[in-house]
Amino acid sequence: MIELKHLTKIYGQGQENLCVLEDVSLRFARGQFTVLLGPSGSGKSTLLNLIAMLDVPTAGEIWVDGKNGTALKKEAARSKLRLTKMGFVFQFDGLLPEFSLLENVELPAWMLGKGNPQKAQKLLERFGLGEMAHKLPADLSGGEKQRASIARALRNNPVLLLADEPTGNLDAQRKVQVFEDFARMSREEGLTILMVTHDVHAADFAHAVFELKNRKLLPVK
Ligand SMILES: Nc1ncnc2c1ncn2[C@@H]1O[C@H](COP(=O)(O)OP(=O)(O)OP(=O)(O)O)[C@@H](O)[C@H]1O
Ligand SMILES: [Mg+2]
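Residues numbered from 1 in each chain as written. Chains lettered and ligands numbered in written order. Predicted model: local features only at pLDDT ≥ 70, side-chain atom pairs only at ≥ 80, totals over all residues. Heavy atoms only, no water.

Trainee: Even after reading the chapter, I still don't get the overall build of the chain, so can you show me in this structure?
Mentor: Regarding its fold elements, the chain presents six helices and 10 strands. Rg of the C-alpha trace for the chain: 17 Å, near the compact-globule value of 17 Å for 221 residues, within the 12% margin. The principal-axis extents of the C-alpha atoms in the chain amount to approximately 50 × 40 × 35 Å. The burial tally for the chain puts 49% of its 221 residues in the buried class. Nonlocal contacts in the chain, meaning residues at least 24 apart in sequence, comprise 68% of its contacts between residues at least 6 apart. (Helix = DSSP H or I, 4+ residues; strand = E, 2+ residues; numbered from the N terminus. Rg over C-alpha atoms; globule rule 2.2 N^0.38 Å. Buried < 20%, exposed > 50% of the residue type's maximum accessible area, 1.4 Å probe, protein only. Contact = heavy atoms within 4.5 Å.)

Take a look at the structure:
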């Protein structure tokens, strides 16, 4: 499903450079729910951004669902692959401030010309936000925005969900609900999930756990 081949990421140039990933090769199977741990600044968000083609690796390749994303040089092609195959939950929700929650969740579908606000409304309801569909992100709590951002990531029925600390602002009960929901989607819908978290309990719900440390991805579970 996801294959990293000799992946290296170096920020900057010359003396100022910072190597975050060095020659990482790994496969994540379809339907696998993987948790990614690692100290702050170790490169977890960098790895997710690379897989989502929001950034380019210094060396190596990333294959997603049989396609070599690294070979796609045109943003239009990258964007299409991203919109049709992937959902992304950003570390800092990434909701557009001038749009309502409903519009934010609807946006990925609208960009594919497949708008259907009822589906966005259903997703909001699933995350306990049905009543807030018409509010702006600024009028919501951090946890509500985070749940809306998960709803948006699922809008185009992705095969791959990339979630960067999606539960950082949620209370314990909501957190477990999200972990259970992710585990169910991976099991029943074959959704491949890569989730960054600092929450050690997340490991109980995942098939695999890796730690990013010293430029390498090491298996923990
Ligand atoms: N665009 C950039 N240019 C230069 N350096 C960067 C850039 N983005 C990130 N870095 C550096 O790369 C390292 C990894 O950053 P990254 O955001 O991937 O860490 P992280 O593991 O997600 O951390 P956190 O848990 O705090 O979110 C950090 O030292 C960061 O300062
Ligand atoms: Mg990060």
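Trainee: What should I look at first to understand the coordination of the magnesium ion (ligand 2) in this one?
Mentor: Reference values for angles at a metal are 109.5 degrees in the four-donor tetrahedral case and 90 or 180 degrees in the six-donor octahedral case. For the magnesium ion (ligand 2), every protein donor is listed as Ser45 (OG) and Gln91 (OE1), and the spread of their distances is 2.0 to 2.4 Å. Of this pair, Ser45 sits in helix 1 (residues 44-51) while Gln91 sits in the loop between strand 6 (86-89) and helix 3 (101-111), and the two are 46 residues apart along the sequence. With a relative accessible area of 24%, Ser45 lands in the partly exposed category. On the accessibility criterion, Gln91 (27% relative accessible area) is partly exposed. (Donors = N, O, S within 2.8 Å, 3.2 Å for Na, K, Ca; no water.)

Trainee: Is there a simple way to explain the packing of aromatic side chains in this structure?
Mentor: Each aromatic ring pair is summarised here by two numbers: the centre-to-centre distance and the angle between the ring planes. All told, the structure shown has four aromatic pairs when counted by the stated rule. Pairing Phe88 with Phe90 gives two aromatic rings, centres 4.5 Å apart and planes at 35°, and the pair type is tilted. A relative accessible area of 12% places Phe88 in the buried class. (Phe/Tyr/Trp six-rings, centres within 6.5 Å; stacked < 30°, edge-to-face > 60°.)

Trainee: What is the right way to read unusual backbone geometry from this model?
Mentor: For residues other than glycine, phi is negative in most cases, and the peptide bonds are mostly trans. Even without a glycine there, the phi angle at Asp23 is positive, about 50°. Its location among the elements puts Asp23 in strand 2 (residues 18-28). For Asp23, a relative accessible area of 41% corresponds to the partly exposed category.

Trainee: Which parts of the structure should I look at to understand the side chain of Arg78?
Mentor: Take Arg78: it is sitting in helix 2 (residues 75-85). Not counting chain neighbours up to four residues away, the residues in contact with Arg78 comprise Met53, Asp55, Val56, Gly69, Leu72 and Lys73.

Trainee: Would you take a moment to explain the sheet that holds strand 8 (residues 192-196) for this structure?
Mentor: Strand pairing in a sheet relies on backbone hydrogen bonds. The paired strands run either parallel or antiparallel. The six strands are arranged 6-7-8-3-9-10 in an open sheet whose pairing can be described as mixed. Each of the sheet's edge strands pairs with one partner strand only, and the pair in question is strand 6 and strand 10 (216-219). Each neighbouring strand pair of the sheet contributes to a mean axis angle of 20°, computed without reference to strand direction. Each of strand 3 (33-37), strand 6, strand 7 (160-164), strand 8, strand 9 (208-213) and strand 10 touches helix 1; the most contacted strand, strand 7, lies at about 150° to it. Here helix 5 (residues 142-154) sits on the sheet and contacts strand 6 and strand 7; the angle it forms with strand 6, its principal contact strand, is near 170°. (Pairing = 2+ DSSP bridges. Axes fitted to C-alpha atoms, helices over the stretch in contact; angles between N-to-C directions.)

Trainee: How should I be thinking about the site of ligand 1 in this particular structure?
Mentor: Surrounding ligand 1, one finds 14 residues, the nearest of these being Ser40, Gly41, Lys44, Thr46 and Gln91. The separation between an oxygen atom of ligand 1 and a polar main-chain atom of Ser42 is 3.3 Å. Separating an oxygen atom of ligand 1 from a side-chain N or O atom of Thr46 is a distance of 2.5 Å. Out of a free accessible area of 640 Å², ligand 1 has 59% covered by protein chains. The residue inventory of the shell around ligand 1, partitioned by class, reads four nonpolar, eight polar and two charged. (Near = heavy atom within 4 Å. Polar contact = N/O pair within 3.5 Å; in protein donor to acceptor, adjacent residues only side chain to side chain. Areas by Shrake-Rupley, 256 points an atom, 1.4 Å probe, with all protein chains shown as cover. Nonpolar A, V, L, I, M, F, W, Y, C, P; charged D, E, K, R; others polar.)

So far we have only geometry, and geometry alone does not tell us how the molecule works.
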